[in-house]
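Structure at a glance
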Amino acid sequence: MWSECLAHPRHLLDDVFHLLPPNPPQYREVIAEYSKEIYVLMKRLLSLISQGLGLEQNCLETKLGKTPTFRAQGNYYPPCPDPELTLGLNVHTDISALTIVRQSEGVTGLQVLQNGNWVPVEPIPDAFVINIGDQIQVLSNGRFRSVHHRAVTNRTRKRVSLATFYGPSKDTIIGPIRDLIDEQHPPLLRFVSLDLGEKRQRKVKIRFHHCGSFEGNPKSTYLDGKVQVVEYYDIEELCYWDLLLMVHQLKHGLNNVKCLYFLEPGKSLEDGLKLLFDDNSVLEFSNCLKSVDEISIYVDHIGDENDKFTNIPLPKALFESIDESSNKHGKEITMDDIEDDLDMHDMNFSSDEGNDELVSAREQVTKYVKDLVRLNIDDVDGSFSSQTRGTKDHSVEPSRTHHMTDDEHDSDYIDSDDPGSYITTNDDLDADDARRVQSRRLSYNPSISNQGFFVGQIFRDASQFRTALNDHSLEKRFSYKYKKNDASRVRAYCAANGCQWEILASIHGNDNSFWIKTYISEHSCLPIIHNKRVTSNVIASKFKDEISRMPYMKATHIRALVRQKLGVMVNISKVRRAKLQVIKSIQEKYIEEFKILREYCDELCETNPGQDDTDNWKWFLELLMNDLDIVDGTGLTIISDMQKNDYGPRILAKLEKSRVLASKWEVDWNGGIYHEVFYVNTVDNIRESYTVCLRNSTCTCQGWDISGVPCPHAFSAVIYEGGDPKDYLDDCYRRDNYLKAYKHMLHPVKGPMFWPKNNTELIVPPIRKKKLGRPQKERMREELEGPKKSKLFRVGRIMKCSICRLEGGKT
Ligand SMILES: O=C(O)CCC(=O)C(=O)O
Ligand SMILES: [Fe+2]
């Protein structure tokens, strides 16, 4: 579209005033003042429209909700060299309830659709254009229609318009107003909410009662407490951890917190207090918030040292265990943290002195990570995670990883973020509720990358764990060694001196499954750039797709890919071995696939019977022979009614191309079935020649053999013989054959397991001929060109001995 726009959503609210652009001077003030006035006008218009519809004067305003969406949008349409080719704004209706447009004077651009015609809306000085938007169309049950409009451009003049939109609150349900529905006016539109399922946007208030103490048994009052209200949007996603974080931010934090309770709405303390101690209880809590917008949580503090629960962990304990194991002490990772990490790496560059490549590689990685972090902190953990090793594994998913008790292990949970599927044991949970539950027992899923490890993670068996460990070490760029490595236990540690990273997984229960039992996730070493674990096998498996797609890719390219993706340097022979391995496996696959061609063919015939026309022809010819009293048919020719010109246009165009190119070729008949087709270049005195065999439809250029369309040489030979080149087109191009080929429906074929076994002659893939000697890399030089100058001549330069510095070369 030929326009630019600048929009301010909700600019009316004072708290966003400071977010408006400070320039041009007074812009903020003017736009804020303008918006306030327009808001008043909007309300007035809504009131007038309400009255016009025979409704209470505040009806529409009320229906649109308490916090209407209000948005100002400046449209700028620069002069357009060819207004015929584009529009300033495409045809649309406004999704708002009302739009007020102020147009710049002197240029017409806005057009409205009226009875199928585009009618220009001329700007009138000091007048606004009012558009009815979709919401009023719905509310008025179609009495008012939202207007279709567009903006056209002007060849020489620029145009500016300022549109202000008034829309419903996000949480409002919009539908035809009841008073406007009757027998003559059935509801024209469904009830819809702008919220469109974004339940999470609903704001709820959590009233925290803290610093007080419960009295009574059962608890009936909360004495000397303080109240702090927290507004929360993501109620569907709320988990126990979030609540702990909120409590952590209250005055005394989590220090002496024994436990949390919530009060069931509508109940008293005596009978409505419910313990909040895990995600399931939080689920119950947030279910209550479906019907109310506000709920109370009571913080129960520890009175004396003995006053502790024995059966549930203290919130503080959970919080600390998470804190300790997360490298940034439970804090969100910030750009500064990452920069610090990176700078620390920069400092260590001194050890790389003299290794320019390594230094530049490290610098590149550093820069890359910094850029990445700026864009999206999450990505850092992906391809260049080594710099921030361990940062994400723990800090964002603490509730999953660190406070799983044994009881929890016995129940399965669903986590919305996890693509793997987990079964909920609570059958009452509907899908939505299940989505929210945060804790989970996690089976390792090999198809998810960057999963990280955590205590309690389950692997199918030891071998899956070892593979995961290897992948993890490649991702995080460290090398590891085994302390124990057998069928029941695998203990590995970081190979770098002094680094404490360690993991232990062992067999659990009766099956072969492996569970992580101990995990120290922090590294104190630097990411490595040479990793022995990146073997040719690893390269082959990680880059199989790339190599299969581009088998001619050079080893150096693959090496660059390895460096880019795995961040390690490998030597070229390793890469060559990997490449060979992949190519060999592709060839083996070929052999296997060719082997089953016969079986595939049999299966095709079985699932698609009667599609071979031989039988039909046989039947027809037998009848014919009987009718004509022919004994064996010798000496008879059957002429079919094949239409010569019955070829598709694409094939005829190819033939035409051959005709054009055929003109330069001359033909000699050698007396047999061959024609020699030649061309003499008199300038260079070169004779180029091909042999065409019309009977076998071949030419030594191989073009005819491959395509079935006579090549220019064949074309010349046909003309020489007085024939029609069309007669030499392959039969497969004939329209009737084409139609025959697609006449039948192709029935689906069963899987290879069900194909009939066929042990007759094996079909083998075509042998790829390798040319003798080294592949020629250089162009053949013309006689007069002389030899190639391979070295720069140092003519005129006086050579000096490198030892004694005397002129005249080595002395
Ligand atoms: O530029 C105009 O006059 C039309 C603006 C408009 O329709 C819009 O912003 O939705
Ligand atoms: Fe519009």
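Residues numbered from 1 in each chain as written. Chains lettered and ligands numbered in written order. Predicted model: local features only at pLDDT ≥ 70, side-chain atom pairs only at ≥ 80, totals over all residues. Heavy atoms only, no water.

**Details of the coordination of the iron ion (ligand 2)**
Around the iron ion (ligand 2), the donor atoms from the protein are H92 (NE2), D94 (OD) and H149 (NE2), and they sit 2.1 to 2.3 Å away. Summarised as a motif, the one-chain spacing of the donors to the iron ion (ligand 2) is H-x1-D-x54-H. Taken as a pair, H92 in strand β3 (residues 89–92) and H149 in strand β8 (residues 149–151) lie far apart in primary sequence, 57 residues in all. Relative accessible area serves as the criterion here: at 24%, H92 is assigned to the partly exposed category. (Donors = N, O, S within 2.8 Å, 3.2 Å for Na, K, Ca; no water. Helix = DSSP H or I, 4+ residues; strand = E, 2+ residues; numbered from the N terminus. Buried < 20%, exposed > 50% of the residue type's maximum accessible area, 1.4 Å probe, protein only.)

**Considering the pattern of salt bridges**
A side chain of one charge can pair with a side chain of the opposite charge when the charged atoms of the two come close. Enumeration over the complete set of coordinates arrives at 15 salt bridges. Across the pair E656 and R659 runs a salt bridge whose closest N-O atoms are separated by 2.7 Å. Remark: R659 and E656 occur in helix α21 (residues 649–662); sequence separation between them is three residues, near one turn of the helix. In this structure, R734 and D731 form a salt bridge, with 3.5 Å as the shortest nitrogen-oxygen distance. By sharing partners, the salt bridges in this structure join E264, K267, K274 and E284 into a single network. (Salt bridge = Lys/Arg side-chain N within 4 Å of Asp/Glu carboxyl O.)

**Concerning the packing of α21 against helix α23 (residues 712–720)**
The packing of two helices is summarised by the inter-axis angle and the distance between the axes. Running from N to C, α21 and α23 cross one another at 75°; their axes reach a closest spacing of 8 Å. Classified by the angle their axes make, α21 and α23 are roughly perpendicular. For the pair α21 and α23, the contacting residues are L655, S658, R659, L661 and A662 in the first and P712, F715 and S716 in the second. A class-by-class count of the residues in the contact of α21 with α23 yields five nonpolar, two polar and one charged. (Axes fitted to C-alpha atoms, helices over the stretch in contact; angles between N-to-C directions. Parallel < 35°, antiparallel > 145°, perpendicular 65-115°, else oblique. Contact = heavy atoms within 4.5 Å. Nonpolar A, V, L, I, M, F, W, Y, C, P; charged D, E, K, R; others polar.)

**A closer look at the UniProt feature "domain: SWIM-type" (unreviewed entry) in the protein chain**
Cross-referencing UniProt, the feature "domain: SWIM-type" (unreviewed entry) maps to residues 690–722 in the present numbering. Its end C-alpha atoms 19 Å apart, residues 690–722 is made of 42% helix and 18% strand. (UniProt positions renumbered as here; feature names shortened; annotations may be inferred.)

**As for the site of ligand 1**
By nearness alone, 13 residues border ligand 1, and Y77, H92, H149, R159 and S161 come closest of all. H92 is positioned with one of its side-chain polar atoms (N or O) 3.1 Å from an oxygen atom of ligand 1. Between S161 and ligand 1, the recorded distance is 2.7 Å, taken from a side-chain N or O atom to an oxygen atom. Alone, ligand 1 offers 290 Å² of accessible surface; in the complex the protein occludes 97% of this. At the level of secondary structure, the elements contributing two or more residues to the shell around ligand 1 comprise β2 (69–77), β3 and β9 (159–167). Sort the elements by how many residues they give to the shell around ligand 1 and β9 lands first, with four residues. Of the residues that constitute the shell around ligand 1, the class distribution is six nonpolar, five polar and two charged. (Near = heavy atom within 4 Å. Polar contact = N/O pair within 3.5 Å; in protein donor to acceptor, adjacent residues only side chain to side chain. Areas by Shrake-Rupley, 256 points an atom, 1.4 Å probe, with all protein chains shown as cover.)

**A short note on the nonpolar core**
Ranked by size, the top nonpolar core spans 32 residues in total, and within it I206, F208, L243, L260, F285 and I297 carry the most contacts. Only β12 (204–210), β15 (226–232), α4 (240–248), β16 (257–263), α6 (279–288) and β18 (294–301) provide two or more residues apiece to this core. Here the element with the most residues in this core is β16; it accounts for six residues. Counting 26 residues, the second largest nonpolar core, distinct from the first, contains Y34, L55, L60 and V138. (Core = buried A, V, L, I, M, F, W, Y, C linked by side-chain atoms within 4.5 Å.)

**Description of the packing of helix α17 (residues 555–566) against helix α18 (residues 572–595)**
With their axes 9 Å apart at the nearest point, α17 and α18 run at an angle of 100° to one another. Here α17 is positioned roughly perpendicular relative to α18, judged by the angle of their axes. Between α17, through A555, T556, I558 and R559, and α18, the contact on the second element is made entirely by I572, V575, R576 and K579. Across the contact of α17 with α18, the residue classes tally to four nonpolar, one polar and three charged.

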